[in-house]
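Okay, here's what each chain looks like letter by letter:
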Amino acid sequence: MDSKARDQLLQRIAAEHLFVETLQTRNSDRLDFYDVSVWGIRQALINAFEAGQKASAKQTPN
């Protein structure tokens, strides 16, 4: 997975589970820090982990 695809995947996970508009630093506490539920964090981590497993499986020759 190239870095652009990785960043898009991370952005999608952040938006869906953490309700974060962007992962870009905006140099403002109001814009760069969020209150996030633990279940949202958990699901985001699960999705990121599973995406890593899928990417690894695609790169491993059988």
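Source: prediction; values computed, not measured.

Draft legend 1. Here's a closer look at helix H3 (residues 38-59). In this model H3 runs 32 Å from its N-terminal to its C-terminal C-alpha over 22 residues, within 8% of the 32 Å that 1.5 Å per residue would give. Within the sequence span of H3, burial applies to Gly-40, Ala-44, Asn-47, Ala-51 and Ala-55. Each buried residue of H3 sits inside an arc of 70 degrees when the element is viewed along its axis, so together they form one side. In H3, those exposed residues whose orientation departs by more than 90 degrees from the buried face are Val-38, Trp-39, Arg-42, Leu-45, Phe-49 and Ala-57. Each element contacted by the buried residues of H3 is listed here: helix H1 (3-18).

What counts and how
Throughout this document, residue positions are counted from 1 along each chain, in the order its sequence is written. Local features in this predicted model are restricted to residues of pLDDT 70 or higher, and side-chain atom pairs are both shown and tallied only at a pLDDT of 80 or more, whereas totals for entire chains, interfaces and linings draw on every residue. Side-chain numbers here rest on the full set of heavy atoms in the structure, without hydrogens or water. Strands are runs of DSSP state E lasting at least two residues, helices are runs of H or I lasting at least four, and both sets are numbered from the N terminus onward. One less than the number of residues in a helix, times 1.5 Å, gives the span that helix is expected to have. Remark: exposure states derive from per-residue accessible area (1.4 Å probe, protein chains only) relative to the maximum for the residue type, with buried under 20%, exposed over 50%, and partly exposed in between. Throughout, the arc means that of the directions going from the helix axis to the C-beta atoms. The criterion used for residue contact is that any of the two residues' heavy atoms lie within 4.5 Å.

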